[in-house]
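For reference, the chains in residue letters:
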Amino acid sequence: MRVVIAEDLALLRDGLTRILDAFGFQVVEAVADGPSVLPALTRHRPDVAVVDVRLPPTFTDEGLQAALQARTRLPGLPILVLSQHVEQLYARELLSDRAGGVGYLLKDRVSNVDQFVDAVRRVAAGGMVMDPDVVSQLLARNTGGQRLAELTAREREVLGLMAEGRSNAAIAGRLFVTEKAVSKHINNIFSKLGMPPSDDDNRRVLAVLAYLNG
Amino acid sequence: MGAVHSSVRLFARQWLRPGAIAAVQGLALALLCLTTNVALFALSVVSLALIPVFGIGFALFPVVTALVRLCLGAQRRLARWGGIPMATPYRPKPADAQIGTWRRFRWVVADPATWRDFAWLVPGAITGAACLLAFVLPAYGLEGVLLVPLVLYLTIDWYGYGVFWPMDNIVEAWASVPQGWFFLIGGLAVAPWLVWLHLRFAGFFLTPTRAQELALRVRQLTVTRADTVDTQAAELRRIERDLHDGAQARLVALRMSIGLAGKLMADDPAAARRLLAEAQEASGQALVELRDLVRGIYPPVLAERGLGGAVEALALAVPLPVTVDVELPGSPPAAVESAAYFAVAEALANVTKHSGAARAWIRMAHRDGRLVMAVGDDGRGGARPDAGTGLAGVRRRLAAFDGTMSVTSPPGGPTVVTMELPCELSSPRISPSSGTG
């Protein structure tokens with residue numbers, strides 16, 4: 001699987017390259033500043049890109065802007081955005097095209113190598129990965145919602161994991177229940193939130209995030 | 001027809017309204033100046049004259065001065081109503097200046113504003129009396145227009161109006177109508193000028209001189225600078241403590257765990273692995289703490305998106321719907337931006353903590369060299385900026401930039417916190433990717 005990395009700190013850039021190499025990815029290019037992100041992405045058309053939000057020369061949100069632009073130019077290009085901090089504002093922007101193949105994680109999560117590599121794979125496969133911090137903020141913000149209040153504690157737990165982009169099997173493993181129980185919870189959640197049920201993992205997550213993002 | 005209509009409206013807006021307001025102002029000023037100025041002048045002279053008499057005036061003069069300042073304060077407020085703002089020129093009262101003490105007397109006598117007030121009393125009474133014209137002229141005109149002279153002429157047979165005094169026949173009685181119009185319109189036209197002249201004249205005496213203005217400014221800057229320095233020092237102290245007890249301590253523990261794990265690697269791999277897992281956990285905690293700390297110092301989103309984007313992000317993090325309306329063609333200086341951000345954040349935190357509101361809104365714009373921010377909610381109201389430390393802190397921090405904060409929060413709501421910061425906007429930040437796109 002071919003990857004483009006955009007990260008300005010050499011230490012992190014090398015670390016990411018090493019991790020992805022070790023897990024069988026092929027890092028075709030690792031760029032260090034904002035203006036080279038878009039050309040690299042259009043040139044290589046990688047299977048997935050890992051992009052830092054803040055890049056030189058201005059050290060604002062150039063990486064994110066480049067990622068958003070790349071996705072308008074190459075619709076559905078899978079991009080995993082990394083940052084030292086997560087903002088709901090950015091999550092909303094990344095999700096706005098509702099195309100899937102998007103990830104948004106804190107840089108801290110890279111330290112859990114297995115989970116990080118799994119996230120890269122899921123994004124590359126057109127899936128959705130949201131940082132637990134984003135999800136918990138979304139859930140906290142929506143506690144006032146009438147419908148969300150009707151969910152049981154377990155259902156809220158399932159909703160949170162679902163919004164992070166985990167599959168039924170992963171949720172079942174995390175909560176030590178059967179996959180069947182998970183899909184029952186999910187059906188309950190969807191009927192309580194008044195959303196049409198869907199088997200497609202990706203559409204499901206999008207629906208939940210759209211709901212939470214209001 | 002339409003043209004007549006609109007010219008009538010124009011007349012009403014340009015002459016009638018300002019004239020009528022000035023007439024009322026003139027009456028108020030005349031009454032105030034005539035009654036109080038004369039009395040205060042007499043009191044001042046008497047109290048000054050009584051200084052040699054057992055020093056009675058020594059205690060009395062400060063009392064009279066307090067009274068003078070009270071009354072002239074009312075005149076200054078009236079002037080503000082007339083569109084001529086007048087700042088208060090007095091020096092601040094020393095802490096232990098009780099009535100009857102030497103310090104009190106010295107404070108009053110040494111302040112040039114006291115003597116300028118005194119100098120104003122007699123001229124003020126005279127021009128104040130002239131202001132009576134602003135009211136009397138239109139009122140007299142109204143009498144003629146409303147046919148009062150005609151009615152009186154017909155009923156009591158002896159009356160005079162305008163140039164006919166007394167009126168000899170019915171024609172002269174009828175002539176009060178055009179004369180009335182003349183007085184009414186002329187009076188209304190002249191009234192604003194009379195009031196304006198009086199207030200301008202008053203300005204020579206009642207507003208601070210250039211030197212006093214500078215002294216006031218220096219005093220204000222001293223206070224805000226001291227506040228700023230204190231706040232900065234407290235902030236640095238808090239950051240130091242957070243780093244010392246938080247991230248720094250965790251890094252120390254981290255190094256110990258890793259070092260120990262390295263030692264145990266050969267003999268007890270299971271224990272070493274456990275230690276490494278702990279180390280990873282601790283490093284994660286350290287990162288969380290650092291992230292929170294950074295957010296408190298200068299929020300990353302502010303650096304990345306500027307004030308508008310940061311406030312938008314702020315609104316998203318609040319557990320109630322917040323409408324954001326930002327209209328900033330450029331970005332303020334970084335220090336102002338940061339102050340504005342934290343001010344809005346504090347106001348918004350107050351909304352979520354105390355208001356019980358269902359929704360809130362934030363408006364932000366740059367007008368006349370000022371960044372104007374308003375945070376409102378539909379909650380229960382009754383917010384008092386002097387009660388909690390939150391809004392008072394905002395006011396202090398804004399004051400460092402000559403900014404102001406005002407709160408309107410009647411019981412039952414709604415609450416609106418309005419903040420203003422004088423600043424210039426720099427040209428809009430150029431997004432690096434938008435240029436090449």
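As the structure is a computational prediction, the values presented were derived from the model and not from experiment. (Residues numbered from 1 in each chain as written. Chains lettered and ligands numbered in written order. Predicted model: local features only at pLDDT ≥ 70, side-chain atom pairs only at ≥ 80, totals over all residues.)

(A) Examining the overall build of chain A more closely. Summing up its helical and strand segments, chain A has eleven helices and six strands in all. Relative to the globule expectation of 17 Å for 214 residues, the C-alpha radius of gyration of chain A, 17 Å, shows essentially globular dimensions. When its C-alpha atoms are laid out on the principal axes, chain A stretches across 50 × 30 × 25 Å. Relative to its 214 residues, chain A shows a buried fraction of 43%. (Helix = DSSP H or I, 4+ residues; strand = E, 2+ residues; numbered from the N terminus. Rg over C-alpha atoms; globule rule 2.2 N^0.38 Å. Buried ≥ 20, exposed ≤ 12 C-beta atoms within 10 Å, placed from the backbone.)

(B) Spatial organisation of the interface of chain A and chain B. Each side of the interface is counted separately: chain A has 22 residues, and chain B has 21 residues. Counting only elements with at least two residues in the side of chain A that touches chain B, the list comes to α3 (62-73), α4 (88-95) and α6 (132-141) of chain A. For the side of chain A that touches chain B, the element with the highest residue contribution is α3 of chain A, accounting for four residues. (Contact = placed C-beta atoms within 7 Å.)

(C) View of the nonpolar core. Counting 95 residues, the largest nonpolar core has V51, L80, V81 and Y104 of chain A together with A340 and V344 of chain B as the members making the most contacts within it. When neighbours within four sequence positions are excluded, Y104 of chain A is seen to be in contact with V81, V86, Y90, A91, L94, M130, D131 and V134 of chain A. Membership of the second largest hydrophobic core comes to 31 residues, among which are A30, L72, A134 and F135 of chain B. (Core = buried A, V, L, I, M, F, W, Y, C linked by C-beta atoms within 7 Å.)

(D) Structural context of α3 of chain A. Compared with an ideal rise of 1.5 Å per residue, which puts twelve residues at 16 Å, α3 of chain A spans 16 Å between its outermost C-alpha atoms and is within 8% of the ideal. Regarding α3 of chain A, the residues found buried are E62, G63, L64, Q65, A66, A67, A70 and R71 of chain A. (Expected span 1.5 Å × (residues − 1).)

(E) Here's a closer look at the packing of helix α11 (residues 300-316) of chain B against helix α12 (residues 334-355) of chain B. All names here are of chain B. Two numbers describe how α11 lies on α12: the axes approach to 10 Å, and their chain directions differ by 20 degrees. Taken together, α11 and α12 sit at an angle that is classed as roughly parallel. Note on packing geometry: the crossing formed by α11 with α12 is left-handed. Note on element contacts: α12 touches α11 through E337, S338, A340, Y341, V344, A345 and L348, opposite L302, L307, A310, V311 and L314. (Axes fitted to C-alpha atoms, helices over the stretch in contact; angles between N-to-C directions. Parallel < 35°, antiparallel > 145°, perpendicular 65-115°, else oblique. Left-handed = near helix turned anticlockwise from the far one by under 90°.)

(F) Structural detail: the domain arrangement of chain B. Residues and elements named next belong to chain B. In terms of domains, chain B is made up of domain 1 (2-206), domain 2 (216-297) and domain 3 (304-425). One C-alpha centre belongs to domain 2, the other to domain 3; they are set 30 Å apart. Of the residues lining the interface, four residues belong to domain 2; the matching set on domain 3 comes to four residues. Residues belonging to the side of domain 2 that touches domain 3 are distributed by class as follows: no nonpolar, three polar and one charged. (Domains from an automatic or database assignment. Nonpolar A, V, L, I, M, F, W, Y, C, P; charged D, E, K, R; others polar.)

(G) Inspection of the pairing of strand β5 (residues 102-106) of chain A at higher detail. All names here are of chain A. Extensive coverage of β5 is indicated by the burial of five of its five residues. Considered for its hand, the β-α-β crossover made up of strand β4 (residues 79-83), α4 and β5 is right-handed. Relative to strand β6 (residues 128-130), β5 is paired through three bridges, and the arrangement is parallel. By the bridge assignment for β6, V102 is matched with M128. Regarding topology, helix α5 (residues 113-124) serves as the crossover connection from β5 to the parallel β6, and that connection is left-handed. (Right-handed = clockwise from strand over helix to strand, strands pointing away. Pairing = 2+ DSSP bridges.)

(H) Seen up close, the packing of helix α8 (residues 153-163) of chain A against helix α10 (residues 179-193) of chain A. Residues and elements named next belong to chain A. Axis separation between α8 and α10 bottoms out at 10 Å; the angle between their running directions is 95 degrees. When the interaxial angle is binned, α8 and α10 end up roughly perpendicular. For the pair α8 and α10, the contacting residues are R154, E155, V158, L159 and M162 in the first and V182, H185, I186, N188 and I189 in the second. The residue makeup of the contact of α8 with α10, split by class, is six nonpolar, two polar and two charged.

(I) Main features of α11 of chain B. All names here are of chain B. Taking 1.5 Å of rise per residue, the 17 residues of α11 would be expected to cover 24 Å, yet its terminal C-alpha atoms sit only 15 Å apart, more than 12% below that figure. In α11, a bend of some 130 degrees at G306 exceeds every other bend along the element. In terms of burial, α11 is a largely internal element, 13 of the 17 residues being buried. (Bend = angle between axes of the 7 residues up to and from the residue.)

(J) Main features of the sheet that holds strand β2 (residues 360-367) of chain B. Residue and element names in this part refer to chain B. Taken together, five strands build an open sheet; the order of strands is β1-β2-β3-β5-β4 and the sheet is mixed. The open sheet terminates on both sides in strands that have one partner only, identified here as β1 (322-327) and β4 (404-408). Within the sheet, the average angular offset between the axes of one strand and its neighbour, ignoring direction, is 10 degrees. For β2 and strand β3 (residues 370-377), the ladder comprises eight bridges, and the chain directions are antiparallel. From the neighbouring strand, A365 faces β3, where its bridge partner is V372. Strands β1 and β2 of the sheet are contacted by α11, whose axis makes an angle of about 175 degrees with β1. Relative to the sheet, α12 contacts β2, β3 and β5 (415-422), its axis offset from that of β3 by approximately 10 degrees.

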